[in-house]
Amino acid sequence: MARRAGALIAAGLAALTLAPVAVVMARAGEARLAPADLVALRFTITQAALSALASVAGAVPLARALARRRFAGRGVLVTALGAPFLMPVIVTVLGLLAVFGRSGWLATLGLPPLPVFGLGGVVLAHVFLNMPLATRMLLEGWQSIPGERLRLAESLGFGPREIWRHIEAPMLRSLLPGAALAVFAICLTSFAVVLILGGGPAATTVELAIYQAIRFEFDLARAALLATAQVAACGVAVALAGLFTLPAGFGAGLDRAAALPAPGGWRWGMDMAVITLAAAFLAGPILAVALRGAPALVALPVPVWPALGASLLVAVIAAPLAVSAALLMALACTQGARWLEPVAMLPMASSQLVLGTGLFLILFPFVSPAAVALPVTVIVTATMALPFAYRILLPEVRRLEADYGRLAAVLGLRGWPAARLLVLPRLRRPLGFATGLCAALAAGDLGVVALFATEQGTTLPLVISRLMGAYRMEAAAGAALLLVMLAFGLFWICDRWGRGGTAD
Amino acid sequence: MKTLGFAAGLLAIAAPALAETPVLHVLTYDSFVSEWGPGPAIETAFEAECGCDLRFTAAGDGAALLARLQLEGVRSEADVILGLDTSLTAAARRTGLFAPHGQRPALSLPVPFEDAEFLPYDWGWFAFVHDRKLDPPKDFAALAASDLKIVIEDPRSSTPGLGLLLWVKAAYGDRAAEIWQGLADNIVTVTPGWSEAYGMFLDGEADMVLSYTTSPASHLIAEQDGSKTAALFDEGNYLQVEVMGKLAASDQPELADRFLAFMLSDAAQSVLPTTNWMYPALTPAAGLPEGFEALARPVKSLLLPADEAEAARGPALDEWRAALAR
């Protein structure tokens, strides 16, 4: 059942992401990539790879420290890890500048400012945005190590080094490539961060080249070709990650809670230092955003409120849609349909601008774009959010299949009873996390829907950009804070529900 | 309740107007229709006299507007496009979608302006905006020699960025590449659009930002803050002339003509300075709003004719990229 449904969804997903590119390509004659485009492609891949490596390199010690230490405020910190990822890009950049920039907090303290512009700045921003996400994905892995294995390790007298070698390293082997892949794909299509912090045309990405091709040159064929190159780069990354991923093979446990051993001494000091540093790095810009926005929050302009409603509506419909589709695809994928994996990653590598333009070309002859603004917004947002849900769910679904697949088959447990008795209870934590993430992403998304915007259906991100365009920077900061609060609130509720079933 | 309002809004658009009120569709950029832009006031005033329904459709910024129009082609339901600037009009004309406007208003632009298809509705000088306490450079060469930090917009994604590119080209011609090389160490970063650049400037990330001579007026009038001013350059400041045009395929050609004429009437022109923060194309009888008289006015205005701007864009872009991509 899941297999057929998964295949159906995958087909729909492929149609939704590839048809617009095909339509855009068909509109114009042949296209060729200019030498400048190849430079852009190289820079795009370099910055995405560096960002992915730096993010997971930071995420491993942080997730490990969070997994084995208990301290006051740990739960808050784990939830707050969702925040940076959900902030609108321009808000994030201004927040980072408020801390690390020329007139930032570090500079006022007399510390040398970090090189925030150029490749360093781009990677810094991407690490800020994505390391917390990677940390949460890895933390899931630590939390799903069966208690029995930890007890066995304890009775065998394993020290931290042996635990690393026999338990943590295999667990990471099953998760790390996927997490790195997710960050790589996000950074591949990152547009505004690279452009604002890149420092100039040396930092030109493929997405900017696409933007230029559509906006100024109206060279649709070239835009489609660039979008295809972007997807191809992501395809190579998916294949590479697949090569490195190995199942952890812990076997099923009985859900007996057992804490990870927390070695003392210098290891305690190291863990605490990692947590403190990461918390300070992440809290700084968030605090800056909150301080900027708070004064304007009390007197926000009226149009902000209906926009908040529209954003909330989109999030509430799109998130469950994305998560259920991702779950079905992940189930189908583990039941043998391996070809689904690259398809599920397609939206992440797709150029939002090409996707929006293609959908516009498909729909325009039949309906007024403004008339279908809401459905298109919901569907496109759900599509964009799906890969994130998929990446979070896939490792857990794999484990579920390995641990309980045979038992379920013997019992003839299928369809709805299987979902109710097996899938939903066992996947509650990742499902909550994924739903929260998708809802927050959906609330903050703007890219594709700009082409379909109407006067009535303005969402919060659009109102923010309009406020900034009207010299109302303070009101914009207030509205941005409201958006962050909405996104984080949605994330917090879902994540809380997911973690409700476990000890932490 | 908000949901209901939203759904009702969608329905209102989906269902054709039941009454036989003619509808005029105007495609424009986003900040024009926003609650803080000129759109709402213009809509009220025009609907009061035309007995029609004026509907704005927003499409990003000026460049996005042209792309949108090309996507829609002759099937576009738009009757009027409002918000292109003169660096885009040559490309817009080439689409063959526009009809001559046939109007000859006595424009108050600082340079002579003639265009059969496109009518200006407002204009402004590009300028580097800075704090009044700063002693500004007198030209690009002095700026390049200084250690002042500036934020500019990307000419590949924003019209002010493109304006700066043409400004340097118009002022320096073959020496443009040299000027850009000199400016390279002054440029903190290049942003995708105007608002990111301006926001970073206000946050103190740079000494100057590429904006308009009218930007200080928004601080003065809307926030009673007189601390910002704009630098005038000896080689002249480049103009941005915002234009509108009538589509040949319009099913409401007369209404479209009336709208173009209305946009140049006092009723519309007096709204623009304090909502779009630009100079009106035809100064209203009551003059400019208070605060505008305090603005710095360049002695020399630069503007490449539309065809030259179009021809200069590609090579200038390559020059710019080569000079800055060290």
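Residues numbered from 1 in each chain as written. Chains lettered and ligands numbered in written order. Predicted model: local features only at pLDDT ≥ 70, side-chain atom pairs only at ≥ 80, totals over all residues. Heavy atoms only, no water.

### Comments concerning the overall build of chain B
Then step 1. Looking only at helices and strands, chain B features 14 helices and 12 strands.
Then step 2. Based on the C-alpha atoms only, the size of chain B along its principal axes is roughly 65 × 45 × 45 Å.
Then step 3. Only carbon and sulfur atoms are counted for the fraction: they give 54% of the accessible area of chain B, which is about 12,100 Å².
Then step 4. Averaged over its 22 positive side-chain charges, chain B has a centre that lies 4 Å from the centre of its 45 negative ones. (Helix = DSSP H or I, 4+ residues; strand = E, 2+ residues; numbered from the N terminus. Areas by Shrake-Rupley, 256 points an atom, 1.4 Å probe, with all protein chains shown as cover. Lys, Arg positive; Asp, Glu negative; His and termini not counted. Charge placed at Lys NZ, Arg CZ, Asp CG, Glu CD.)

### As for the domain arrangement of chain B
Residue and element names in this part refer to chain B.
Then step 1. You can read the domains of chain B as domain 1 (16-123 + 241-294) and domain 2 (124-238 + 300-324).
Then step 2. The centre of domain 1, based on its C-alpha atoms, is set 26 Å off from the matching centre of domain 2.
Then step 3. Each partner contributes residues to the interface: domain 1 has 23 residues there, and domain 2 has 21 residues.
Then step 4. Applying the counting rule to domain 1 against domain 2 returns 1 salt bridge.
Then step 5. Here the side of domain 1 that touches domain 2 takes 5 residues from helix H5 (residues 89-94), the largest share from any one element. (Domains from an automatic or database assignment. Contact = heavy atoms within 4.5 Å. Salt bridge = Lys/Arg side-chain N within 4 Å of Asp/Glu carboxyl O.)

### Considerations on the pattern of salt bridges
Then step 1. Using the criterion set out here, one finds 23 salt bridges over all chains in the structure.
Then step 2. Notably, a salt bridge pairs Arg68(A) with Asp271(A), separated by 2.7 Å at the nearest N-O pair. Here Arg68(A) is found in helix H2 (residues 35-68), whereas its partner Asp271(A) is found in helix H13 (residues 266-297), with 203 residues between them in sequence. Both residues of the pair, Arg68(A) and Asp271(A), count as buried.
Then step 3. Between Glu72(B) and Arg68(B) there is a salt bridge, with its nearest N and O atoms 2.7 Å apart. A residue pair is termed a helical-turn pair when its members lie 3 or 4 positions apart in one helix, as Glu72(B) and Arg68(B) do in helix H4 (residues 62-72) at 4 residues. Both residues of the pair, Glu72(B) and Arg68(B), count as buried.
Then step 4. It is possible to trace a salt-bridge network through shared partners that takes in Arg68(A), Arg69(A) and Asp271(A). (Buried < 20%, exposed > 50% of the residue type's maximum accessible area, 1.4 Å probe, protein only.)

### Notes on the interface of chain A and chain B
As a measure of interface size, the accessible area lost when the parts come together is often cited.
Then step 1. With 61 residues of chain A in contact, the opposing surface of chain B contributes 63 residues.
Then step 2. Both faces considered, chain A and chain B share a buried interface measuring about 5,500 Å² in area, 65% of it formed by carbon and sulfur atoms.
Then step 3. Area buried by chain A at its contact with chain B is led by Phe216(A), Arg466(A) and Tyr471(A), which between them contribute 17% of it.
Then step 4. Counting the contacts that link chain A with chain B gives 3 salt bridges.
Then step 5. In this structure, Arg102(A) and Asp207(B) form a salt bridge, with 3.3 Å as the shortest nitrogen-oxygen distance.
Then step 6. Applying the counting criterion to the chain A and chain B interface returns 7 residue pairs in polar contact (both at pLDDT 80 or more). (Buried area = accessible area lost by both parts, 1.4 Å probe. Polar contact = N/O pair within 3.5 Å; in protein donor to acceptor, adjacent residues only side chain to side chain.)

### A few points about unusual backbone geometry
Residues and elements named next belong to chain B.
Then step 1. Phi is positive for Gln-224, which is not a glycine, with a value near 50 degrees.
Then step 2. Inspection of the secondary structure puts Gln-224 in the loop between helix H10 (215-223) and strand S9 (228-231).
Then step 3. For Trp-277, which is not a glycine, the phi torsion comes out positive at approximately 50 degrees.
Then step 4. With relative accessibility at 8%, the residue Trp-277 sits in the buried group.

### A few points about helix H14 (residues 306-324) of chain B
Then step 1. With 19 residues, H14(B) ought to run about 27 Å at 1.5 Å a step, and its terminal C-alpha atoms sit 26 Å apart, in line with that.
Then step 2. The axis of H14(B) is deflected most strongly, by about 40 degrees, at Arg313(B), and proline Pro315(B) appears within four residues downstream.
Then step 3. By the burial criterion, the buried members of H14(B) are Ala306(B), Ala309(B), Glu310(B), Ala312(B), Arg313(B), Ala316(B), Leu317(B), Trp320(B), Ala323(B) and Leu324(B).
Then step 4. Buried residues along H14(B) sit against helix H11 (206-215) of chain A together with H5, strand S6 (150-153), helix H7 (159-172), helix H8 (176-183) and strand S7 (187-191) of chain B. (Expected span 1.5 Å × (residues − 1). Bend = angle between axes of the 7 residues up to and from the residue.)

### A word on the pairing of strand S10 (residues 237-247) of chain B
All names here are of chain B.
Then step 1. With 11 of its 11 residues buried, S10 lies for the most part within the structure.
Then step 2. Both strand S4 (residues 98-99) and S10 contribute to a ladder of 2 bridges, which runs antiparallel. Opposite Ala-99, over in S10, you have Lys-246 as the bridge partner.
Then step 3. Bridging between strand S5 (residues 118-131) and S10 involves 7 bridges; their strand directions are antiparallel. Looking across to S10, one finds that Phe-118 is bridged to Gly-245. (Pairing = 2+ DSSP bridges.)

### Section: the packing of H11(A) against helix H12 (residues 220-244) of chain A
Residue and element names in this part refer to chain A.
Then step 1. Running from N to C, H11 and H12 point in directions that differ by 165 degrees, and their axes come no closer than 8 Å. Classified by the angle between their axes, H11 and H12 sit roughly antiparallel to one another. Every pair of crossing elements has a handedness; the one defined by H11 and H12 is left-handed. Between H11 and H12, the contacting residues are Val-206, Glu-207, Ala-209, Ile-210, Ala-213 and Ile-214 on the first element and Leu-220, Arg-222, Ala-223, Leu-226, Ala-227 and Gln-230 on the second.
Then step 2. Residues belonging to the contact of H11 with H12 are distributed by class as follows: 9 nonpolar, 1 polar and 2 charged. (Axes fitted to C-alpha atoms, helices over the stretch in contact; angles between N-to-C directions. Parallel < 35°, antiparallel > 145°, perpendicular 65-115°, else oblique. Left-handed = near helix turned anticlockwise from the far one by under 90°. Nonpolar A, V, L, I, M, F, W, Y, C, P; charged D, E, K, R; others polar.)

### Focus on the packing of helix H14 (residues 304-334) of chain A against helix H21 (residues 473-499) of chain A
All names here are of chain A.
Then step 1. Packing of H14 against H21 brings their axes to within 11 Å, and their N-to-C directions diverge by 25 degrees. If you check the angle between H14 and H21, you find them roughly parallel. Judged by the sense of rotation from one axis to the other, the crossing of H14 with H21 is right-handed. Where H14 approaches H21, its residues Val-304, Trp-305, Leu-308, Ser-311, Leu-312 and Ala-315 are matched on the opposing element by Ala-479, Leu-482, Leu-486 and Leu-490.
Then step 2. Per-class residue counts for the contact of H14 with H21 are 9 nonpolar, 1 polar and no charged.

### Points about the environment of Asp154(B)
Then step 1. Inspection of the secondary structure assignment puts Asp154(B) in the loop between S6 and H7.
Then step 2. When its relative accessible area of 0% is taken as the criterion, Asp154(B) is described as buried.
Then step 3. Taking the C-alpha atoms as reference points, Asp154(B) and Pro192(B), separated by 38 residues in sequence, lie 5.4 Å from one another.
Then step 4. Discounting residues that sit within four places of it in the chain, Asp154(B) has contacts with Leu195(A), Leu208(A), Gly161(B), Val190(B), Thr191(B) and Trp320(B).

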